[in-house]
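# Analysis of the macromolecular model
Residues per chain, in single letters:
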Amino acid sequence: MAWFKRKEKGIQTATEEKKDIPKGLWYKSPTGKIVDSKELEKNFYVSPEDGYHVRIGSKEYFEILFDDNKFKELDENLTSKDPLKFEDTKKYPDRLKAAQEKTNLKDAVRCAVGKSKGKNLVIACMDFSFIGGSMGSVVGEKIARAADHALKKKLPFMIISKSGGARMMEAALSLMQLAKTSAKLGQLADAGLPYISLCTDPTTGGTTASFAMLGDINIAEPGALIGFAGPRIVRDTTGKELPEGFQTSEFLLEHGFLDFVMHRKELKNKVNHYIDLVTNQPIRA
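Residues numbered from 1 in each chain as written. Predicted model: local features only at pLDDT ≥ 70, side-chain atom pairs only at ≥ 80, totals over all residues. Heavy atoms only, no water.

## Points about the overall build of the protein
- From N to C terminus, the protein includes eight helices and ten strands.
- Projecting the C-alpha coordinates of the protein onto the three principal axes gives extents of approximately 85 × 50 × 45 Å.
- For the protein, the proportion of contacts with a sequence separation of at least 24, taken over those separated by at least 6, is 66%.
- For the protein, the accessible surface area stands at approximately 16,000 Å², while carbon and sulfur atoms represent 54% of it.
- With 44 positive and 38 negative side-chain charges, the protein shows a spacing of 5 Å between the two charge centroids. (Helix = DSSP H or I, 4+ residues; strand = E, 2+ residues; numbered from the N terminus. Contact = heavy atoms within 4.5 Å. Areas by Shrake-Rupley, 256 points an atom, 1.4 Å probe, with all protein chains shown as cover. Lys, Arg positive; Asp, Glu negative; His and termini not counted. Charge placed at Lys NZ, Arg CZ, Asp CG, Glu CD.)

## So, the pattern of salt bridges
- Under the counting rule described, the total for this entry stands at 14 salt bridges.
- Between Asp75 and Arg145 there is a salt bridge, with its nearest N and O atoms 3.0 Å apart. With Asp75 in the loop between β3 (72-74) and α3 (92-103) and Arg145 in helix α4 (residues 137-153), this pair connects stretches of sequence that are 70 residues apart.
- Looking at Arg145, the relative accessible area reads 34%, which means it is partly exposed.
- Measuring nitrogen to oxygen at the nearest pair gives 2.8 Å for the salt bridge that ties Lys184 to Asp148. Of the two residues, Lys184 is situated in helix α5 (residues 171-190) and Asp148 in helix α4; the sequence distance between them amounts to 36 residues.
- Each of the salt bridges in this network shares a partner with another, and the network as a whole consists of Asp75, Glu141, Arg145 and Lys180. (Salt bridge = Lys/Arg side-chain N within 4 Å of Asp/Glu carboxyl O. Buried < 20%, exposed > 50% of the residue type's maximum accessible area, 1.4 Å probe, protein only.)

## Some words on the pairing of strand β4 (residues 109-116)
- Most of β4 sits inside the fold, with seven of its eight residues counted as buried.
- Across three bridges, β3 lies against β4 in antiparallel orientation. What sits directly across from Leu74, in β4, is Cys111.
- Note that β4 and strand β5 (residues 119-126) share eight bridges and pair antiparallel. Residue Cys111 lies in a different strand from β5, and its bridge partner there is Ala124. (Pairing = 2+ DSSP bridges.)

Given below as structure tokens:
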């Protein structure tokens, strides 16, 4: 009768032996579709049920784009200072420290060089998890230095944008990055080196007003929010109802702001295909 009557009182199972379902085993898309996390990863972090492109960061994009996930990170230890002594609900240095500890990132962009389909490519990829992917002095400086590396080595350059815009804690210093990064991309153009811009969800504010829309080829992921201000701000400012799908990738493609909207599983092949075409090189299989 031991099944029905405990011989020993209390729960005897050690915590490490409990069979709880691990967190993150399932992912629920905004449309309510339930996807196994492993299946989601195998499908380039895109829900196979509805095609929803889950927000990912530089770690995942580098895995997708670089051969065997091998690359050399550029200026990886560059970090922000606090020249304006900014403070809102937190002091800026405290906010930076908290973001670094939470995300294990130094700032909102990582830059790297590595082989993609056998040829070197420089990539700057933003991380929305770090203070909303906001563009401060470090973001602008790292993108500028990555462009310099591309210029020096005569390599194609790609930026993956995922940002809420300029970082308010750095005020005018963050706005200066718009001109700085745009000037570097102009140098790439003068040197005849291709620059490909990928807009992901969301790409807003100063990033849209600068490097995100300056590509030789501008592409975006399906359903991404892309614009200078968000739809709610535009609606409140203009006092008008917005058309259906306003500021989505598909809307911008239809109105000529983008060249292509591309599924993530096609990203590596298509980006390198465009690079071969722009540089008049043999097309890689």
